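# A look at the structure
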Amino acid sequence: MPAILWALVCAVVLVGLGDLRDNATAAVALMLAWGAGVLALPRPKQRPDVLRSVFLIALLVRVVMLASAPSLSDDIYRYVWEGTLTAAGGNPYLHAPADPALAAWLTDPNRALVNHPEVSSIYPPLAMGLFALLSSIWADPLPFRLLSALADAGTAWMLARILLQRRLPVDGAWLYALLPLAIVESAGSGHLDPIALFCLAAAIDAWDRQRTGIVWAGVGALLKLLPGVVFVALLKRPRQVWPGALVIGLLALASPLPFAEAGPTLLRGFGTYAAHWSFNGSVFPLVELVVGESTRFLLVGVGAVVVGGAIRRFHDPAEVALWAGGAFVLLSPTVHPWYVGWAWVPALICGAHAWTLLAALMPLAYIVLATLDPATGAWEEGVWPRLVIYGPFFAMAGWRAFRNATTPGPAISRVAAR
């Protein structure tokens, strides 16, 4: 299978580069070539054992990536630090890593590697419980990366199952299994998002199989918020949702209790992130040129209207997730590469192919690391990478929208998202 072999070879070469931050230009070039090869080379066709094949191949490529140190992102060190602190009875919402009150923890090696140590936790309480569980097993990035890689391979498997259930080609599952973005962000960097994305995919799969999926959507929302849109959408579906909703409601009420002493500061870290951070945005920088400081509030409002309209209009939770994830990626001031998965996973189900192109180009965002000043941690974000990343996406999405709008036949609900 040429695409599989190409992905495996590229993963081995990427691991061989060593510290990807120090070799950012070579790493970015390799990931772009990796993505181009997967898109161009033949991928496996429909076959009886496709579910097992997709999962095993996806897992194999991610296991290869585990041999690389998590150098493109340092989020995982915050996961380990906050999990260790929580397991010891501390409160990451009340105390940021740089807080002098944590002087006794100065020797913790993960604390020294946390980025923005002055900012308290931005993650939901259930995520903090997961961090604590993993850190108590081994206070090291590896358990986090293993779980993220396993969940991500599970998402590829879920995608194949959903596409088979809907009698669609499983090529989208192979794309997710083999393209570098998901592999690098799960096994490579150990992000939390792939775990929550698995919950999102499981919720859609459950819905297709005449179950509500509301527990999966609820757990995903308690880990990373965005699946909450699908959770809300499923509440209006007449398929015995209320027992599951009650379970998730109780979990949502109980998970913050260990951190109750933080009070209003529970949201302080997230508020700092939402109000001040920006990186790799597409629509946001353009609107900011015109609107100025009100841009964040304006685009939050636009996003709320889009999400509300999707919940009201669409029956299929994959459609709702696509519009919500798409609004998040396109309107957010901060678009880290791993955020693209929130639109890409439902897009693979809905046939919105422009998002796969964006996923293949998104590793270019890491080129900013080539300008990183190790002494200050500052970098220079150029305009040209965003033009290369988002330009082809908007061109392809616009062309598909135009073609569908001018083709006679029944309306297609996902035209604008394509």
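Throughout, residues of each chain are indexed from 1 in the direction in which the sequence is written. Since the coordinates come from a predicted model, pLDDT governs what is reported: local features require at least 70, and pairs of side-chain atoms require 80 or more to be given and counted, while whole-chain, interface and lining totals use all residues. Excluded from the side-chain calculation are hydrogens and water; included are all heavy atoms of the structure.

## Observations concerning the pattern of salt bridges
- Here, a salt bridge means any Lys or Arg side-chain nitrogen found within 4 Å of an Asp or Glu carboxyl oxygen. Evaluated as defined, the whole model comprises 11 salt bridges.
- Among the salt bridges present, the one from Asp208 reaches Arg166, with a minimum N-O distance of 2.8 Å. A residue pair is termed long-range when its members are at least 10 positions apart, and Asp208 in helix H10 (residues 193–208) and Arg166 in the loop between helix H7 (141–165) and helix H8 (171–178) qualify at 42 residues.
- Relative accessibility under 20% of the residue-type maximum defines a buried residue, over 50% an exposed one, and the middle range a partly exposed one, all with a 1.4 Å probe and only protein chains included. The class for Asp208 is buried, based on a relative accessible area of 14%.
- By relative accessible area, Arg166 is classed as partly exposed at 24%.
- For the salt bridge of Asp193 with Lys224, the shortest nitrogen-to-oxygen distance reads 3.5 Å. Note that Asp193 is positioned in helix H10 and Lys224 in helix H11 (residues 214–224), a separation of 31 residues in sequence. The pair formed by Asp193 and Lys224 is uniform in burial state, with each residue classed as buried.
- By sharing partners, the salt bridges in this structure join Arg161, Asp205 and Arg209 into a single network. Helix numbering and strand numbering both begin at the N terminus, where a helix is a DSSP run of H or I of at least 4 residues and a strand a DSSP run of E of at least 2.

## Section: the nonpolar core
- Ranked by size, the top nonpolar core spans 118 residues in total, and within it Leu178, Trp344 and Trp355 carry the most contacts.
- Broken down by element, the residue count for this core peaks at 11 residues, all from H10.
- Residues count as neighbours in contact if any of their non-hydrogen atoms are within 4.5 Å of one another. Those residues in contact with Trp344, other than ones at most four positions away along the chain, are Leu175, Tyr176, Leu179, Leu181, Ala182, Trp355, Thr356 and Ala359.
- Side-chain atoms within 4.5 Å are what join buried Ala, Val, Leu, Ile, Met, Phe, Trp, Tyr and Cys residues into a set we call a nonpolar core. Ranked by size, the runner-up nonpolar core spans eight residues in total, among them Ala233, Ile311, Phe314 and Ala324.

## Overview of the side chain of Asn91
- Take Asn91: it is sitting in the loop between helix H4 (75–87) and helix H5 (109–112).
- At 3.0 Å, the side chain of Asn91 and the backbone nitrogen of Tyr93 are in polar contact.
- Leaving out residues up to four positions away in the same chain, Asn91 has contacts with Leu85, Phe259, Glu261 and Ala262. By the criterion applied in these results, polar contacts are pairs of N or O atoms within 3.5 Å in which, for protein atoms, one can donate a hydrogen and the other can accept it, and in which residues neighboring in sequence qualify only through two side-chain atoms.

## Describing the packing of helix H2 (residues 24–40) against helix H9 (residues 180–188)
- Here the axes come from fitting lines to C-alpha atoms, over the contacting stretch only for helices, and the angles between their N-to-C directions go from 0 to 180 degrees. The N-to-C vectors of H2 and H9 enclose an angle of 130 degrees; their axes lie 9 Å apart at closest approach. As far as their axial angle goes, H9 and H2 are oblique. Taken together, the residues of H9 that come into contact with H2 (itself represented by Met31, Trp34 and Gly35) are Pro180, Ile183 and Val184.
- For this classification, the nonpolar set comprises Ala, Val, Leu, Ile, Met, Phe, Trp, Tyr, Cys and Pro, the charged set comprises Asp, Glu, Lys and Arg, and every other residue, Gly included, is treated as polar. A breakdown of the residues in the contact of H2 with H9 according to their chemical character gives five nonpolar, one polar and no charged. The labels follow the angle: roughly parallel below 35 degrees, roughly antiparallel above 145, roughly perpendicular from 65 to 115, and oblique for the rest.

## Describing unusual backbone geometry
- Although it is not a glycine, Arg167 adopts a positive phi angle of roughly 60 degrees.
- Along the chain, Arg167 falls in the loop between H7 and H8.
- Residues other than glycine seldom take positive phi values, yet Leu225 does so here, at roughly 70 degrees.
- For Leu225, the position within the fold is in the loop between H11 and helix H12 (228–235).
- Looking at Leu225, the relative accessible area reads 51%, which means it is exposed.

## Structural notes on the side chain of Ser148
- Relative to the assigned elements, Ser148 resides in helix H7.
- Dropping the residues within four chain positions of it, Ser148 is found in contact with Glu185, Ser186, Gly190, His191, Pro194 and Ile195.

## A word on the packing of aromatic side chains
- Here is the rule: rings of Phe, Tyr and Trp (six-membered ring for Trp) pair when centre to centre is within 6.5 Å. Planes less than 30 degrees apart are stacked, more than 60 are edge-to-face, and the remainder are tilted. A complete count under the given rule lists 18 aromatic pairs for this structure.
- Ring centres 5.1 Å apart and planes at 80 degrees place the aromatic pair Tyr93 and Phe259 in the edge-to-face group. Of this pair, Tyr93 sits in the loop between H4 and H5 while Phe259 sits in the loop between helix H13 (242–254) and helix H14 (268–276); the two residues are 166 residues apart in sequence, bridging distant segments of the chain.
- Taking the relative accessible area as the measure of exposure, Tyr93 reaches 1% and is therefore buried.
- Note on Phe131 and Phe144: the rings are 6.0 Å apart at their centroids and 55 degrees apart in plane angle, and the pair reads as tilted. A residue pair is termed long-range when its members are at least 10 positions apart, and Phe131 in helix H6 (residues 125–137) and Phe144 in helix H7 qualify at 13 residues.

## Thoughts on a nonpolar patch on the surface
- Candidates for patches are residues over 30% relative accessible area with no salt bridge; among them, like charges are joined within 9 Å and nonpolar side chains (Val, Leu, Ile, Met, Phe, Trp, Tyr) within 5 Å. Per-residue and other accessible areas follow the Shrake-Rupley method at a 1.4 Å probe size, with only the shown protein chains counted as cover for residues. The grouping of Leu286, Leu289, Val290, Val291, Leu298 and Val302 at the surface amounts to a nonpolar patch, some 590 Å² of accessible area in total.
- No other element matches the four residues that helix H15 (residues 283–291) contributes to the nonpolar patch.
- Looking at where Val302 falls in the secondary structure, it is placed in helix H16 (residues 295–313).
- Residue classification places Val302 among the partly exposed positions, given a relative accessible area of 35%.

All we've got here are geometric facts, nothing functional implied.
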